[in-house]
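# Structural overview for review
Residue-level listing of the chains:
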Amino acid sequence: MPRIKKLFQLKYFSSLFEIMRKTSRKLPYLRLKFSHGIPAPTQFKFLKNSSFTDEVSNQTLVFHLEGALLKAYSLFPYFMLVAFEAGGLFRALILLLLYPLVWLLGHELGLKVMVFVSFVGIKKEKFRAGTAILPKFFLEDVGVVGFDMVMKYKTKVAVTSMPRIMVECFLGDYLGIHVVIGKELKEFHGYFLGLMEENMDPATMCINNIGLGCFRNSHYQKIFSRCKEIYLVTEAEKKKWPVLPRKKSLKPLIFHDGRLAFRPTPLNTLSMFIWLPFGFLLHITRIMVFISLPFKVSGPLLAFSGLINTVSNSNVESPGEGKKRGMLYVCNHRTLLDPVYITFAMMKSVSAVTYSVSRFSEVISPIKTVRLTRDRKTDEETMKKMLSKGDLVVCPEGTTCREPYLLRFSPLFAEITDDIVPVAIKLQVSLFYGSTASGQKCLDSAFHLTNPNPTCLIMILNKLPGWQTHNAGGKSKFEVANYVQGQIATALGFECTNLTRKDKYAILAGNDGIL
């Protein structure tokens, strides 16, 4: 008893209990626990009632990623992304069925179950979800208040409950945080075992740190025990935080991969699996309508099925009299079906030139498609031959881009003809993306047409004036390509970039994108 009384007389405990007493009504779920033998922090502070900006320049911030930066408490969506994108549909279904068990087991045991189901048997060298897929969903979950607090410190250390391989790319590329404390995944002959290393070594951290975490998270006591002060935020406060605007991140998110277009919470994932049988039948029906019926009949039927195609049409002049060549429609690239959407918008058949399209997509295509070889002279001759037979659609970006950016336009089209019509395309989907950098391209159209109501806006812009063309106007092919890119970007409200398809595939798939 005397020893216990002595402990309660310590300044740390008395101040801590005083804070807990004053805030216990507002924070009924507050639990602060420290293991036996671990030194306690000097001071706890409630973020709402304290200044977080004083004297931050010479101190190191140690923050818990899930507790201090991300708004959502559940980690299930991130592991579902890994399970679905890296492991497939069956693995994702297993993880969904095990969710009640994960919830019942609590944080630590539930986390181990999710790690095992999501990672076991995945080949390490082919795992790209951490670099190509997860950063988008992390950015959509970052609270702007937490971000501002973290970014005030010059030296920052992130602590995470998730495996390091899931978060280190996001933290390094988009938040500039390169010191990440998290558990490594065990592997055997290049394959993940679905198990995490038990120990994390915080020995490199100094004692005079500032900690930032959440009341609900009582993990990593050894890490935060080295902090001089710990600031805590409540779940209720985090829910009020606005989501971080994309422009505030250190690097714009231009490229991301994966099929899922929604955040796979347990309820959303369950809805997806319920929809899949109906979506598959809808996909088959839409393909049959595409192939077998004329455009004037198939258009209304496809609209009735939920395939929405909105058209904004300018007065496009036909090529001059005596010319037998067709019109060249130059569009940005959002999905494999861009030329088909343009065909329905104009209610007349056009041809299309494509790169790296699968044989299956060519077979089911309702319009004529011809492959390009990426050899300049050969492709130029191919496009001129097709233009002599009718109208042609070309996507000079060379690959799709999901975000509001335009990749650099290849200038080849500017040398072929002066009869150029820019076409701006904006696409919106709710369940699946109909494009991929590292997945099976033969399934692109299937995933796109499985969406309940994919919406496409087609804006057919004015034909290029003669003075702005290469042959008649004397402009260089690069000037023409940049002009067309700018016209489309202005119409869509997008931003032009100098990035190319090689940049995209190097980031998302680790190759040059040539199949």
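These figures come from a predicted structure and were not determined experimentally. (Residues numbered from 1 in each chain as written. Predicted model: local features only at pLDDT ≥ 70, side-chain atom pairs only at ≥ 80, totals over all residues. Heavy atoms only, no water.)

## Digging into unusual backbone geometry
Trans peptide bonds make up the majority, and among non-glycine residues the majority have a negative phi. Stated precisely, the cut-off is as follows: Every helix listed is a DSSP run of H or I at least four residues long, and every strand listed is a run of E at least two residues long, numbered separately from the N terminus. Buried residues are those whose accessible area, probed at 1.4 Å on protein chains only, stays under 20% of the maximum for their type, while exposed residues exceed 50% and partly exposed ones sit between those limits.
Positive phi outside glycine occurs at H189, with the angle close to 55°. Turning to its location among the elements, H189 is positioned in the loop between β5 (185-188) and β6 (191-196). For H189, a relative accessible area of 67% gives the class exposed.

## Describing the layout of surface pockets
We apply this condition: Each cavity reported here is a set of points on a 1 Å grid over the protein atoms alone in which a 1.4 Å probe fits but cannot get out, each pocket an open set with protein on both sides within 12 Å along at least five of seven lines, and each lining residue one with an atom within 4 Å of a point. Grid points are joined across faces, edges and corners, and a volume is the space filled by probe spheres set on the points. Marked domain ranges trace back to an automatic or database domain assignment.
What the largest pocket holds in volume is close to 1,000 Å³. If you trace the largest pocket, you find 37 residues lining it, with E85, T436, S438, G439 and Q440 closest to the centre. Two domains share the lining of the largest pocket, each providing at least three of its residues, namely domain 1 (40-240) and domain 2 (276-316 + 325-509).

## What about the UniProt feature "transmembrane region" (unreviewed entry) in the chain?
The criterion, for reference: UniProt positions are given in the numbering used here, feature names are shortened, and annotations may be inferred rather than shown by experiment.
UniProt's feature table lists "transmembrane region" (unreviewed entry) at residues 75-98, 104-122 and 273-295, given in the numbering used throughout. End C-alpha atoms of residues 75-98 are separated by 14 Å, and the span's content is 88% helix alongside 0% strand. Along residues 273-295 one finds 91% helix and 0% strand; the C-alpha atoms at either end are 32 Å apart.

## Section: the sheet that holds strand β10 (residues 328-331)
Under the convention used in this document: DSSP calls a pair of strands paired once it identifies at least 2 bridges connecting them. Between the N-to-C directions of two axes lies an angle of 0 to 180 degrees, each axis being a line fitted to C-alpha atoms and, for a helix, fitted only over the stretch in contact. Only heavy atoms enter the contact rule, under which two residues are in contact if any of them lie within 4.5 Å.
In space, the seven strands of this open sheet follow the order β9-β16-β15-β10-β13-β11-β12, with mixed pairing throughout. Of all the strands in the sheet, just β9 (308-313) and β12 (369-371) have a single pairing partner and so form its edges. The sheet shows a mean angle of 25° between the axes of neighbouring strands, taken without regard to direction. Sheet topology note: the strand β11 (residues 351-354)/β12 ladder contains three bridges and is parallel. Note on β12: the bridge partner recorded for V353 is V370. Across the sheet, helix α16 (residues 338-346) is in contact with β9, β10, β11, β13 (392-394), β15 (420-428) and β16 (455-460); its angle to β16 comes to roughly 65°.

## What to know about a nonpolar patch on the surface
So the rule is basically this: For patch building, the residue pool is restricted to those with more than 30% relative accessible area and no salt bridge; the joining distance is 9 Å between like charges and 5 Å between nonpolar side chains (Val, Leu, Ile, Met, Phe, Trp, Tyr). Only the protein chains shown count as cover for residues, with accessible areas throughout obtained via the Shrake-Rupley method and a probe of 1.4 Å. Here a salt bridge means any side-chain nitrogen of Lys or Arg lying within 4 Å of a carboxyl oxygen belonging to Asp or Glu.
Residues F116, F188, L193 and L195 make up a contiguous nonpolar surface patch of roughly 380 Å² in combined accessible area. Summarising the element assignment, F116 is placed in helix α7 (residues 107-119). On the basis of relative accessibility, which here comes to 40%, the residue F116 falls in the partly exposed class.

## Observations regarding the pattern of salt bridges
Under the criterion given, the structure shown has 20 salt bridges. Residue D141 is joined to R263 by a salt bridge in which the shortest nitrogen-to-oxygen separation is 3.3 Å. Placement of the pair is D141 in the loop between α9 (134-139) and α10 (144-151) and R263 in the loop between α13 (235-240) and α14 (266-292), with a sequence separation of 122 residues. Classification of D141 as buried rests on a relative accessible area of 5%. R263 sits in the partly exposed class, given a relative accessible area of 21%. One salt bridge in this structure joins E415 and R376, with 2.5 Å as the shortest N-O distance. Here the residue E415 occupies a position in helix α19 (residues 412-416), and R376 occupies one in helix α18 (residues 376-387), the gap between them amounting to 39 residues. Classification of R376 by relative accessible area gives partly exposed; the value is 39%.

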